[in-house]
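# An overview of the molecular structure
So you can see what is in the structure, the chains are spelled out below.
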Amino acid sequence: MSAPSTWTPLHAKVHQTLRSRQLLPRQRRLLIAVSGGQDSLCLAKLLLDLQPKWNWQVAIAHCDHRWRADSEANAAHVQQLAQSWQVEFYQRTATQALPSEAAARAWRYQALTEIAQAHAYQCLVTGHTASDRAETLLYNLMRGSGADGLQALTWQRALSPEIMLVRPLLNLTRPETAQFCQVFNLPVWEDSTNQDLKYARNRIRQELLPYLQQHFNPQVEKALAQATELLQADVEYLEQAAIVLRQQAQHPSQRGLNRLVLGSAPLALQRRVVRQFLQAALTKALNFEQIEKVTNLITAPNRSQTDPFPGGAIAVVEGEWIWLKQL
Ligand SMILES: Nc1ncnc2c1ncn2[C@@H]1O[C@H](COP(=O)(O)OP(=O)(O)OP(=O)(O)O)[C@@H](O)[C@H]1O
């Protein structure tokens, strides 16, 4: 596949991470999501260089959101690079306007998952770094997320029963990927929207983080990425404990929660059980206030109830039970 190249400390670091976290097992079919930016080029080069050690089958996918005037040229650039590496290349182009960053992201993950499904790739691999983690943590903190929102950007998560999303570069910083690209002379495509300060993420990257670095902690990105790592382990543990408690508290009809069982549990678990219960029953993500109203019913007087949720159900106290009822 790729020409043998120098083995750098970054190769060793990623190889070690893959081993210790068992992120990309041997012989898997990997679909690498490449935007053309420094992080995903660094990722693609590293995985191609490590490929002989792991016997993966590797391909590259690019999504053209058609957001920027140069997006077609960007896609062609990535295609050419894939060709020069002699790697299978897939591309999707948006057919309708994507009105926001969130819409673009949702479309991109959908498109990448479809490619992976159609061609039996077991792992979709992205170039998210510790710097992305630090930015996401700050962004979510300012929106009032709980631990679950703060632990965003996990090393891996299932996109479907057959496909894992894997992020092997979460312990590299953006300066490290930039340097790597420079050393190997990788043709990075500069995304002009990265400079646009109307996007909150760019302001965090270009204004907030440099400020924190200068005035508080030169290693602030690493520190924030580490905080994410700690939160992730806590969230995993709490979610597991909540699943066990929910099994004890939930009525077999799945429409009721037992207040006596929940009453003696810590608030952190009560909230999680209520959220899991509501999400399963209403199949909608609910906001903090809605979850809080049901959690308060654990100790509320008999006959207390909530306002209707989207879809028209309410939660009502009847003796030792909280019931979800359709109005
Ligand atoms: N147009 C694209 N085509 C293919 N892959 C992409 C594209 N844009 C981003 N990616 C993948 O996603 C990774 C993260 O990119 P970026 O930080 O720009 O996206 P984001 O919108 O912040 O994503 P997320 O919500 O997943 O954090 C890249 O390293 C790359 O692997």
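By the naming in an unreviewed UniProt entry, the protein chain goes by tRNA(Ile)-lysidine synthase and is assigned to Trichocoleus desertorum GB2-A4. Its UniProt record gives the protein chain a comment under Catalytic activity (unreviewed entry), which states: "cytidine(34) in tRNA(Ile2) + L-lysine + ATP = lysidine(34) in tRNA(Ile2) + AMP + diphosphate + H(+)".

With that settled, consider the overall build of the protein chain. Within the protein chain, the regular secondary structure consists of 12 helices and nine strands. By its C-alpha atoms, the protein chain is 70 × 50 × 40 Å across when sized along the principal axes. Out of the 327 residues belonging to the protein chain, those deemed buried represent 47%. Sequence-distant contacts in the protein chain: of pairs separated by 6 or more residues, those separated by 24 or more amount to 68%. Taken as a whole, the protein chain presents about 16,800 Å² of accessible surface, with 51% of it coming from carbon and sulfur.

Once that is clear, we can look at the site of the ligand. Taken together, 15 residues sit near the ligand, with Ala-33, Cys-63, Arg-105, Tyr-109 and His-128 positioned nearest. The contact in question runs from an oxygen atom of the ligand to an N or O atom on the backbone of Ala-33, over 2.6 Å. The contact in question runs from an oxygen atom of the ligand to an N or O atom on the backbone of Gly-127, over 3.0 Å. Protein contacts shield 82% of the accessible area of the ligand, which totals 620 Å² for the unbound molecule. Listing elements by their share of the shell around the ligand, those giving two or more residues are β2 (57-64) and α4 (101-118). Tallied by class, the residues present in the shell around the ligand amount to five nonpolar, seven polar and three charged.

Another aspect to go through is the packing of helix α8 (residues 200-215) against helix α9 (residues 220-249). As a packed pair, α8 and α9 sit with axes 9 Å apart at the nearest point and diverge in direction by 105 degrees. It follows from the interaxial angle that α8 and α9 lie roughly perpendicular. Facing α8, whose interface residues are Leu-209, Leu-212 and Gln-213, α9 presents Val-220, Glu-221 and Leu-224. In the contact of α8 with α9, the residues fall into four nonpolar, one polar and one charged.

Here we take up the pairing of strand β1 (residues 29-33). Of all the five residues making up β1, four are buried; the element is thus mostly covered by neighbouring parts of the structure. Where β1 and β2 come together, five bridges link them in parallel fashion. Note on β2: the bridge partner recorded for Ile-32 is Ile-60. The handedness of the β1 to β2 crossover, carried by helix α2 (residues 38-54), is right-handed. Across three bridges, β1 lies against strand β4 (residues 123-125) in parallel orientation. Along β4, the bridge assignment pairs Ile-32 with Val-125.

Now for the sheet that holds strand β7 (residues 256-258). If you trace the three strands from one edge of the open sheet to the other, you get β7-β9-β8, paired in antiparallel fashion. One side of each edge strand has no neighbouring strand; the edge strands of this open sheet are β7 and β8 (313-318). Taking the axes of each pair of neighbouring strands and ignoring which way they run, one obtains an average angle of 20 degrees across the sheet.

Attention now moves to helix α12 (residues 288-296). Looking only at α12, the buried set comprises Gln-290, Ile-291, Glu-292, Val-294 and Thr-295. Two to three positions downstream of the cap, the backbone nitrogen of Glu-289 sits 3.2 Å from a side-chain oxygen, assigning the N-cap of α12 to Asn-287.

Glancing now at the UniProt feature "domain: tRNA(Ile)-lysidine synthase substrate-binding" (unreviewed entry) in the protein chain. In the numbering adopted here, UniProt assigns the feature "domain: tRNA(Ile)-lysidine synthase substrate-binding" (unreviewed entry) to residues 261-312. Helix makes up 54% of residues 261-312 and strand 0%, with an end-to-end C-alpha separation of 27 Å.

In this section: the layout of surface pockets. Space inside the second largest pocket adds up to approximately 220 Å³. Along its surface, the second largest pocket is lined by 13 residues, and Thr-173, Pro-175, Gln-213, Pro-218 and Glu-221 are the ones closest to its centre. Elements represented by at least two residues in the lining of the second largest pocket include exactly α7 (174-183), α8 and α9. A per-element tally of the lining of the second largest pocket places α8 first, with five residues.

Okay, the nonpolar core next. Among the nonpolar cores identified, the biggest contains 37 residues, and Leu-18, Leu-24, Leu-47, Trp-56 and Ile-60 are the most heavily contacted of them. Elements represented by at least two residues in this core include exactly α1 (9-21), β1, α2, β2, α3 (71-84), β4 and α7. The element that contributes the greatest number of residues to this core is α2, accounting for nine residues. Not counting the four nearest positions on each side in its chain, Leu-24 is found in contact with Leu-18, Leu-30, Leu-47, Trp-54, Trp-56, Cys-123, Val-125, Val-166 and Pro-168. Core analysis: the second largest hydrophobic core is formed by 24 residues, Ala-242, Ala-249, Leu-257 and Leu-269 among them.

Right, let's talk about the UniProt feature "domain: tRNA(Ile)-lysidine/2-thiocytidine synthase N-terminal" (unreviewed entry) in the protein chain for a bit. Mapped onto the present numbering, the UniProt feature "domain: tRNA(Ile)-lysidine/2-thiocytidine synthase N-terminal" (unreviewed entry) falls on residues 30-207. For residues 30-207, the helix share is 47%, the strand share is 15%, and the end-to-end C-alpha distance is 35 Å.

Definitions and limits used
Residues numbered from 1 in each chain as written. Predicted model: local features only at pLDDT ≥ 70, side-chain atom pairs only at ≥ 80, totals over all residues. Heavy atoms only, no water. UniProt positions renumbered as here; feature names shortened; annotations may be inferred. Helix = DSSP H or I, 4+ residues; strand = E, 2+ residues; numbered from the N terminus. Buried < 20%, exposed > 50% of the residue type's maximum accessible area, 1.4 Å probe, protein only. Contact = heavy atoms within 4.5 Å. Areas by Shrake-Rupley, 256 points an atom, 1.4 Å probe, with all protein chains shown as cover. Near = heavy atom within 4 Å. Polar contact = N/O pair within 3.5 Å; in protein donor to acceptor, adjacent residues only side chain to side chain. Nonpolar A, V, L, I, M, F, W, Y, C, P; charged D, E, K, R; others polar. Axes fitted to C-alpha atoms, helices over the stretch in contact; angles between N-to-C directions. Parallel < 35°, antiparallel > 145°, perpendicular 65-115°, else oblique. Pairing = 2+ DSSP bridges. Right-handed = clockwise from strand over helix to strand, strands pointing away. 1 Å grid on protein atoms, 1.4 Å probe; cavity = no way out; pocket = protein on both sides within 12 Å on 5 of 7 lines; lining within 4 Å. Points joined across faces, edges and corners; volume = space filled by probe spheres on them. Core = buried A, V, L, I, M, F, W, Y, C linked by side-chain atoms within 4.5 Å.

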